[in-house]
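# Per-entry structural report
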Amino acid sequence: MNLRRLAAVGLLALGLRVGFVVTHSRGDRELVADALQYHAYAVHMVQDGRYVDEKGDRLFRMPGYPVFLAAVYWVFGPSVAAVQLVQALLSALACLCLYGAARRLYGEGWGLACGLAAAVYRGLVASCTYLLTESLVSSLLCLFLWLWYCGTGWSRSVQSLALAAALAAVCIIRPDLGPFILAAGFSLPWFESRFSRRHALLWIPVFLALFAPWVVRNYLVFCEVVVSGTQGQAAPYYGLAFPLESLGDAPPPPLLPGGMPELEQKAYYSRSFAALWAATPPWRILRAYAFNVASMFYPFLPAYDWSYMLLAPFWLWALRRWRAMPESRILWLLFFLYTAVHVFAGGPVSRYRETLSAPLLLLAAAGARDLRERLGPRFWGWAGGYAALNLAVWLFAEQTRGIVLWLKALLLVRSA
């Protein structure tokens, strides 16, 4: 590996992220909504050793990200800036992981291109400013993919254990990646022939070791075995209620009744989801879930995400050519299972696609390489023309977004 190129990618990635944090961070004003709750859990862990938020909730969130925040706060104090800079550093290192993975798959040139694309990719840059899970999970997924593609020189047992550790850390932060992790573990020999069933079984003690403290703590506090947080039960309800509200098909979701015990909240969300489903015509349910998918891949956040759109044709081409790219099977499994979860859970939020930054960047590299081989010199003319079109949309992003929102209102939103 060319160390100068590696250093250049790392320094570019770190510089852009630190610059973005400095110019776009709102300081303590970042502590709103979900970020405020994560912050409260972390502050209480550092100050009094209790896992509780500002409202006294002890179960709503999974503990992975609050523990990460608590570790940063323990070293630097309860500083938003410190978290952002640590996330910027981890994200820059994640770019090097993608550089290494793409280099291992497609050679030095495409590895460098993928590393540079990751360095400027908005989904990896902007998320560093959030006190939300996206940045940390994206970095861990980059690490997982580096271990998957570049750890082949290790013993099979060591590589399998390292993969399991990376994914266990991901899952205790964001359990919405659980279906992918289960599928990858059960199908490990199919995705990578050097692994056997025995290597897949090594994942079990790793996950048990990481989740055991959380399960034991919940049993001691609630006298019940609880593996996930209350949010896991709320997500399906909001995954249907929020798009119905956005499309004008339902009123805003009701607030959770005050003072309800935490374990009863899980049953409350289940009942609310069942009642909403029964009261909603099937065609509106289908439209709501389709709206969730469209929102995830919508190019405005609300600013136009030019880096995402610049790479979109290449990973779409990789989808068309997936049979010729067996190395991409694990990437597509991650892409489709994560997307499927967010069809039914979470609601219409474009930010959710930032978690898919790592697989999309590698898939874009695969698609671009395949197109280059098929088109020859014509590839550069086609790519340049599309880049110019993307630049034009970016320059007139406000007008373009206005047209898109007008079409949404015309075609999707029901008149009052």
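Quantities reported herein were computed from a predicted structural model and do not represent experimental measurements. Each residue is numbered by its place in its chain's sequence as written, counting from 1. pLDDT decides what is reported in this predicted model: residues at 70 or higher carry local features, side-chain atom pairs at 80 or more are listed and counted, and totals for whole chains, interfaces and linings draw on all residues regardless. Side-chain descriptors were evaluated using all non-hydrogen atoms of the structure, hydrogens and water having been removed beforehand.

Time to look at the nonpolar core. The biggest cluster of nonpolar side chains holds 107 residues, and the ones touching the most others in it are W315 and I330. Note on definitions: a residue-residue contact is assigned when non-hydrogen atoms from the two residues lie within 4.5 Å. The residues contacting I330, other than those within four sequence positions of it, are F144, W148, Y149, F180, A184 and F191. Among buried residues, those of type Ala, Val, Leu, Ile, Met, Phe, Trp, Tyr and Cys that are joined through side-chain atoms within 4.5 Å constitute a nonpolar core. Relative accessible area decides the class of each residue, using a 1.4 Å probe on protein chains only: under 20% of the type maximum gives buried, over 50% gives exposed, and in between gives partly exposed.

We define a salt bridge as a side-chain nitrogen of Lys or Arg found within 4 Å of a carboxyl oxygen belonging to Asp or Glu. As enumerated under the stated definition, the model contains twelve salt bridges in all. Across the pair R353 and D305 runs a salt bridge whose closest N-O atoms are separated by 3.3 Å. Of this pair, R353 sits in the loop between α17 (329-344) and α18 (357-375) while D305 sits in the loop between α15 (282-296) and α16 (306-320), and the two are 48 residues apart along the sequence. The partner of R321 in a salt bridge is D370, with the nearest N and O atoms 2.9 Å apart. Here R321, found in the loop between α16 and α17, pairs with D370, found in helix α18; they are 49 residues apart in sequence, far enough to count as distant. Helix and strand assignments follow DSSP, with helices taken as H or I runs no shorter than four residues and strands as E runs no shorter than two, numbered in order from the N terminus.

This next bit is on the packing of aromatic side chains. Any two rings among Phe, Tyr and Trp, with Trp reduced to its six-membered ring, count as a pair given centres within 6.5 Å; such a pair is stacked if its planes are under 30 degrees apart, edge-to-face if over 60, and tilted if neither. Enumeration according to the criterion identifies 30 aromatic pairs in this entry. Both rings, one in W190 and one in F191, keep their centres 4.9 Å apart while their planes meet at 75 degrees; by these two values the pair is edge-to-face. Overall, W190 belongs to the exposed group, its relative accessible area being 53%. Positioned over the ring face of Y38 is R61, at 4.9 Å from the centre of the ring. If you follow R329 out to its NZ or CZ, it ends over the ring of W190, 4.3 Å from the centre. Two thresholds decide whether a charge sits over a ring: the Lys NZ or Arg CZ must be within 6 Å of the ring centre and within 35 degrees of the ring normal.

So, on to unusual backbone geometry. Even without a glycine there, the phi angle at A33 is positive, about 50 degrees. One can find A33 in helix α2 (residues 33-48). A positive phi is found at C223, a non-glycine position, where the angle reads about 55 degrees. Note that C223 resides in the loop between α12 (203-222) and α13 (231-246).

Before going further, it helps to spend a moment on the packing of helix α4 (residues 80-106) against α18. Inter-axis angles, ranging from 0 to 180 degrees, are taken between N-to-C directions of lines fitted to C-alpha atoms, where helices are fitted over the stretch in contact. Between α4 and α18, whose axes approach to 11 Å, the crossing angle comes to 30 degrees. On the basis of the axis angle, α4 is roughly parallel to α18. In this structure, the crossing between α4 and α18 has a hand that is right-handed. Mapping the contact onto sequence places L98, A101, A102 and Y106 in α4 and A358, L361, L362, A366 and R369 in α18. Residues of the contact of α4 with α18, tallied by class, amount to eight nonpolar, no polar and one charged. We call two directions roughly parallel when the angle between them is under 35 degrees, roughly antiparallel when it is over 145, roughly perpendicular when it lies between 65 and 115, and oblique otherwise. Note on convention: near helix rotated counterclockwise from far helix by under a right angle means a left-handed crossing. Clockwise means right-handed. The classification used treats Ala, Val, Leu, Ile, Met, Phe, Trp, Tyr, Cys and Pro as nonpolar, Asp, Glu, Lys and Arg as charged, and all other residues, Gly among them, as polar.

Taking 1.5 Å of rise per residue, the 27 residues of α4 would be expected to cover 39 Å, and the 39 Å separating its terminal C-alpha atoms lies within 8% of that figure. Whenever a nitrogen or oxygen atom comes within 3.5 Å of another N or O atom, the pair is scored as a polar contact, on the condition that within protein one atom can donate a hydrogen and the other can accept it, and that pairs from neighbouring residues in sequence are kept only if both atoms are in side chains. The N-terminus of α4 is capped by S79, whose side-chain oxygen sits 3.4 Å from the backbone nitrogen of A81. Downstream of α4 by one or two residues, G107 has phi in the positive range, about 100 degrees. In this analysis, the expected span of each helix is defined as 1.5 Å times one less than the number of residues it contains.

Our focus in this paragraph is the environment of V125. Residue position: V125 is located in helix α6 (residues 122-125). Along the chain, V125 and V22 lie 103 residues apart, while their C-alpha atoms are 12 Å from each other. Once residues lying within four places of it in the same chain are set aside, the contact partners of V125 are L16, R17, F20, A119 and V120.

One can describe the packing of α17 onto α18 by two numbers: an axis separation of 10 Å at closest approach and a directional angle of 135 degrees. As the angle between them shows, α17 and α18 are arranged oblique. In this structure, the crossing between α17 and α18 has a hand that is left-handed. Taken together, the residues of α18 that come into contact with α17 (itself represented by L331, W332, L334 and F335) are P359, L360, L362 and L363. Taken together, the residues that form the contact of α17 with α18 break down as eight nonpolar, no polar and no charged.

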